[in-house]
Amino acid sequence: MGILNVTPDSFSDGGRYLSLDAAEQQAERMLADGADLLDIGGESTRPGAAAVSVDEEIARVVPVVERLKKRFDAVVSVDTSKPDVMRAAVAAGADMINDVMALSAPGALTTVTTLGVPVCLMHMQGEPRTMQQAPQYDDVVADILGYLEQRVSDCERAGIPRSRLLVDPGFGFGKTLDHNLALLANLARFQKLGLPLLVGISRKSMLGAITDRAVEDRMAASVAAALIAVERGARIVRVHDVAETVDALKVWSAMMALAPGDG
Ligand code: 7PJ
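Only a predicted model underlies this, so the values are computations on that prediction, with no experimental measurement involved.

J.: Is there a simple way to explain the overall build of the protein in this structure?
T.: A count of helical and extended segments in the protein gives nine helices and eight strands. Expected size for 263 residues packed as a compact globule is a radius of gyration near 18 Å; at 18 Å, the protein falls within 12% of this value. Taking the principal axes of the C-alpha coordinates as reference, the protein spans close to 55 × 40 × 35 Å. For the protein, with 263 residues in total, the buried portion stands at 47%. Residue pairs in contact within the protein that sit at least 24 positions apart in sequence constitute 68% of those at least 6 positions apart.

J.: Would you take a moment to explain the site of the ligand for this structure?
T.: Taken together, 13 residues lie near the ligand, and Asp79, Asn98, Asp168, Lys204 and Arg238 sit nearest. At a separation of 2.9 Å, a nitrogen atom of the ligand approaches a polar side-chain atom of Asp79. Here a nitrogen atom of the ligand and a side-chain polar atom of Asp168 are 2.6 Å apart. About the coverage of the ligand: the protein hides 94% of its 400 Å² of free accessible area. Partitioned by chemical class, the residues of the shell around the ligand number five nonpolar, three polar and five charged.

J.: What exactly am I supposed to notice about the packing of helix 8 (residues 219–231) against helix 9 (residues 242–258) here?
T.: A pair of packed helices can be characterised by two numbers: the angle between their axes and the separation between those axes. Axis separation between helix 8 and helix 9 bottoms out at 9 Å; the angle between their running directions is 40°. Taken as axis vectors, helix 8 and helix 9 run oblique relative to one another. The two elements helix 8 and helix 9 meet at a crossing, and its hand is right-handed. Here Met219, Val223, Ala226, Leu227, Val230 and Glu231 of helix 8 come into contact with helix 9, specifically with Glu244, Thr245, Ala248, Leu249 and Trp252. Here the residues of the contact of helix 8 with helix 9 are counted per class, giving eight nonpolar, one polar and two charged.

J.: For this particular structure, what's the right way to read the packing of helix 2 (residues 54–71) against helix 3 (residues 83–91)?
T.: Axis separation between helix 2 and helix 3 bottoms out at 9 Å; the angle between their running directions is 20°. In terms of orientation, helix 2 lies roughly parallel with respect to helix 3. For the crossing formed where helix 2 meets helix 3, the hand is right-handed. Contacts between helix 2 and helix 3 pair Val54, Glu57, Ile58, Val61, Val62 and Val65 from the former with Asp84, Val85, Ala88 and Ala89 from the latter. Of the residues contributing to the contact of helix 2 with helix 3, the split by class is eight nonpolar, no polar and two charged.

J.: Would you mind showing me how to read the nonpolar core here?
T.: Inside soluble globular proteins, nonpolar side chains tend to come together where they are buried. Ranked by internal contacts, the top residues of the largest apolar core, which has 66 residues, are Ile40, Leu68, Leu103 and Phe190. The leading source of residues in this core is helix 5 (residues 140–158), at seven residues. When near neighbours in sequence (up to four residues on either side) are disregarded, Phe190 contacts Val141, Ile144, Leu145, Leu148, Pro169, Leu183 and Leu197. Within the second largest apolar cluster, seven residues are counted, among which are Met1, Leu166, Leu198 and Ile236.

J.: What's the story with the sheet that holds strand 5 (residues 119–122) in this structure? I'm lost.
T.: Pairing is parallel across the open sheet formed by six strands, whose spatial order is 1-2-3-4-5-6. Edge strands, defined here as strands with exactly one partner in the open sheet, are strand 1 (2–5) and strand 6 (165–168). Taking the axes of each pair of neighbouring strands and ignoring which way they run, one obtains an average angle of 25° across the sheet. Of the pairings in the sheet, the one linking strand 1 to strand 2 (residues 37–41) comprises four bridges and is parallel in character. By the bridge assignment for strand 2, Leu4 is matched with Ile40.

J.: Which parts of the structure should I look at to understand the environment of Ser222?
T.: Position of Ser222 among the secondary structure elements: in helix 8. What makes Ser222 buried here is its relative accessible area of 7%. The spatial distance from the C-alpha of Ser222 to the C-alpha of Pro47 is 19 Å, given a sequence separation of 175 residues. Sequence-distant contacts of Ser222, that is, excluding residues within four places in its chain, are made with Ser202, Arg203 and Leu207.

J.: Teacher, can you tell me more about the pattern of salt bridges here?
T.: Oppositely charged side chains can pair when the atoms bearing their charge come close. In total, this model carries 19 salt bridges according to the counting rule given. For Glu56, the salt bridge is made with Arg60, and the minimal N-O distance between the two is 2.9 Å. Of this pair, Glu56 and Arg60 both sit in helix 2, four residues apart, which is roughly one turn of the helix. Owing to a relative accessible area of 17%, Glu56 belongs among the buried residues under this scheme.

Scoring rules and cut-offs
Residues numbered from 1 in each chain as written. Predicted model: local features only at pLDDT ≥ 70, side-chain atom pairs only at ≥ 80, totals over all residues. Heavy atoms only, no water. Helix = DSSP H or I, 4+ residues; strand = E, 2+ residues; numbered from the N terminus. Rg over C-alpha atoms; globule rule 2.2 N^0.38 Å. Buried < 20%, exposed > 50% of the residue type's maximum accessible area, 1.4 Å probe, protein only. Contact = heavy atoms within 4.5 Å. Near = heavy atom within 4 Å. Polar contact = N/O pair within 3.5 Å; in protein donor to acceptor, adjacent residues only side chain to side chain. Areas by Shrake-Rupley, 256 points an atom, 1.4 Å probe, with all protein chains shown as cover. Nonpolar A, V, L, I, M, F, W, Y, C, P; charged D, E, K, R; others polar. Axes fitted to C-alpha atoms, helices over the stretch in contact; angles between N-to-C directions. Parallel < 35°, antiparallel > 145°, perpendicular 65-115°, else oblique. Left-handed = near helix turned anticlockwise from the far one by under 90°. Core = buried A, V, L, I, M, F, W, Y, C linked by side-chain atoms within 4.5 Å. Pairing = 2+ DSSP bridges. Salt bridge = Lys/Arg side-chain N within 4 Å of Asp/Glu carboxyl O.

Structure (structure tokens):
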């Protein structure tokens, strides 16, 4: 899954058309590099990021979804927690919703039930503005497994079949470095949910903490993390560096096809 952020600093129309062309070019490149899905985000969920209005998020995301669905034969996911944005994005052709709030916003659950598209349920402790202040768990893996199990059953009760659900432990969302490492080490335990596991670690600050590198210099660390995640059962990895990640996964796949080993 290639990450396509459409969070421009300029809100002028000029800036918007420029960023639409730039988004298309970036999408084309990620697809050529081997991405199977594109995840479009119109609101930054980084720690401390400012909130974006519904209208602004729709204005950022919808033209990009329309353009990509017209130009490419790709699965397009939209990274949003807002029911109005979900509706507008799916009307514009989006195939899937990726919600870092696991449909906990008022109306999100019924909206996705009605839309009938697949949805990724991600775990987050707290809210983006403050989530990194003092994350706490009794047992990070068990707590997050329990949360996702609960959200899956909430979705099923609301009328979303399991066949439309994906789960994600939410690396970096209300987690210390040790929490993130425990999740990565124990990722295989999430397979017990019996749902496709999506993982996003690309360029995140946990990799900065480990390597002492700035965000633009975390490619190798990101590829290593993606490979570890896939090796422990992740079915989709959400990444910035598609070509490099695909190469790494090709090495693993070639080995697995010929000699899966004992693991
Ligand atoms: C994730 C996401 C993630 C899913 C972001 C960033 C922050 N969606 N959206 N999983 N992260 N499903 O990329 O640094 O980990 S935004």
